[in-house]
Amino acid sequence: MGIGRRNFLKLTGLAVAGLAINPLQSVITNNNIYINKKLGILFYKPNDWGFINIKDFGKLKNEQILGNGWEDYKEEVWEDLGDPICIITKYYQDLEENKGIFSPTITLNITPKEELESYGFNSFEELMELSEKGVAQILRDFKVVKRYEPFLISGNKFYECDSEYLFEHIEINEPLKVELKTLKTEHNGFYYDFNFHQSKAQNQIASIEFENFKKTIKLL
């Protein structure tokens, strides 16, 4: 459904008022805001967090260790999953003091519906079940712990659930328990997949930031 082009453009204009922005620029990340005019999505990152350049995602992928025997097939796994269009993380600076610390992170993946037509599912709910089974194959001890009632953002039905898994990384000595919240919706021919990662085991908690972030999401 969305909020309509006029309202979306109005919000976009207010968000970038006073900034030197190229009017032809389709993706804007400035201060706390992310705007993708081509896809029609707008949201604000948490204060003091940073956007990660997508070209640096390769380094992040190489440092994470995949579970359940998939490490030997890492390149194929990441190719199938595809890169997120936006990564926001708390410890975005590559500092020595941040090594070994799990950084609470928000990612957004958007997939055109036609790319998944061959999977043979009959509904969005069935696609989400298939997605969970796939994630469980590559993340160690992955399990869903809570599902929420669907709710609306910009008139679109969003599905939310909480999961947990063991995160393995070359800079962390032991597998680390991580909590994952996902938000999923379908809109304008795309599947939207927000992922919110935090780790209570390291006291790297961002529940408040995640809830505040959800309130800023606007879809055209």
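The following paragraphs examine the structure supplied in this document. (Residues numbered from 1 in each chain as written. Predicted model: local features only at pLDDT ≥ 70, side-chain atom pairs only at ≥ 80, totals over all residues. Heavy atoms only, no water.)

## Some thoughts on unusual backbone geometry
Here Asp-48, not a glycine, exhibits a phi torsion of approximately 75 degrees, which is positive. Considering the arrangement of structural elements, one finds Asp-48 in the loop between strand E3 (41-44) and strand E4 (50-51). For Asp-48, a relative accessible area of 69% corresponds to the exposed category. At Asp-141, a position not held by glycine, the phi torsion is positive, near 55 degrees. (Helix = DSSP H or I, 4+ residues; strand = E, 2+ residues; numbered from the N terminus. Buried < 20%, exposed > 50% of the residue type's maximum accessible area, 1.4 Å probe, protein only.)

## Concerning the nonpolar core
Within soluble globular proteins, side chains that are nonpolar tend to cluster in buried spots. In terms of nonpolar packing, the biggest core is built from 21 residues, with Ile-41, Phe-43, Leu-108, Phe-194 and Phe-213 touching the most fellow members. Listed by contribution, the elements that provide at least two residues to this core are E3, strand E6 (86-89), strand E7 (105-112), strand E12 (190-198) and helix H5 (207-216). The next biggest cluster of nonpolar side chains, apart from the first, holds 10 residues, and it includes Ile-138, Leu-139, Phe-142 and Leu-180. (Core = buried A, V, L, I, M, F, W, Y, C linked by side-chain atoms within 4.5 Å.)

## Description of the sheet that holds strand E2 (residues 33-36)
In any sheet, the strands associate via hydrogen bonds between backbone groups, in a parallel or an antiparallel arrangement. Read across the open sheet, the 4 strands follow the order E1-E2-E3-E13; overall the sheet is antiparallel. Two strands close off the open sheet at either side, each with one partner strand: strand E1 (27-30) and strand E13 (218-219). Where E2 and E3 come together, 4 bridges link them in antiparallel fashion. Paired with Tyr-34 across the two strands is Phe-43, which belongs to E3. (Pairing = 2+ DSSP bridges.)

## Looking at the side chain of Asn-98
Within the secondary structure, Asn-98 sits in the loop between E6 and E7. If sequence neighbours within four positions are ignored, Asn-98 has contacts with Tyr-91 and Gln-93. (Contact = heavy atoms within 4.5 Å.)

## What to know about H5
Along an α-helix, a turn takes 3.6 residues, which lines up residues three or four apart on a common side. The set of residues buried in H5 consists of Phe-210, Phe-213, Lys-214 and Thr-216. Down the axis, H5 shows its buried residues gathered within 155 degrees of arc, on one side only. Turned more than 90 degrees from where H5 packs its buried face, Ile-208 and Lys-215 sit exposed. (Arc of directions from axis to C-beta.)

## Regarding the pairing of E3
Hairpin connection, E2 to E3: the antiparallel pair is bridged by 4 residues, and Gly-40 has positive phi, about 75 degrees. Where E3 meets E13, 2 bridges bridge the pair, whose relative direction is antiparallel. Counted as the bridge partner of Leu-42 is Lys-218 from E13.

## As for the packing of aromatic side chains
The final tally for this structure, using the stated rule, is 13 aromatic pairs. With a centroid separation of 6.0 Å and 75 degrees between ring planes, the pair formed by Phe-43 and Phe-194 is classed as edge-to-face. On the criterion of sequence distance, the pair formed by Phe-43 in strand E3 and Phe-194 in strand E12 is long-range, its members being 151 residues apart. Each residue in the set Tyr-34, Phe-43, Trp-49, Phe-51, Phe-194, Phe-196, Phe-210 and Phe-213 is aromatic and connected to the rest through ring pairs, giving one cluster. (Phe/Tyr/Trp six-rings, centres within 6.5 Å; stacked < 30°, edge-to-face > 60°.)

## Things to note about the side chain of Ser-199
Note on placement: Ser-199 falls in the loop between E12 and H5. Judged by its relative accessible area of 0%, Ser-199 is buried. At 2.9 Å, the side chain of Ser-199 and the backbone oxygen of Lys-177 are in polar contact. (Polar contact = N/O pair within 3.5 Å; in protein donor to acceptor, adjacent residues only side chain to side chain.)

## Section: the pattern of salt bridges
For the structure on display, the rule yields 11 salt bridges. Between Arg-140 and Glu-168 there is a salt bridge, and its shortest N-O distance comes to 3.2 Å. Of the two residues, Arg-140 is situated in strand E8 (residues 140-147) and Glu-168 in strand E10 (residues 156-169); the sequence distance between them amounts to 28 residues. For Arg-140, a relative accessible area of 32% gives the class partly exposed. On the accessibility criterion, Glu-168 (16% relative accessible area) is buried. In this structure, Lys-181 and Glu-160 form a salt bridge, with 2.6 Å as the shortest nitrogen-oxygen distance. With a gap of 21 residues between them, Lys-181 in strand E11 (residues 176-187) and Glu-160 in strand E10 connect regions that are remote in the sequence. Within this structure, Glu-160, Asp-162, Lys-181, Glu-211 and Lys-214 form a network of salt bridges that share partners. (Salt bridge = Lys/Arg side-chain N within 4 Å of Asp/Glu carboxyl O.)

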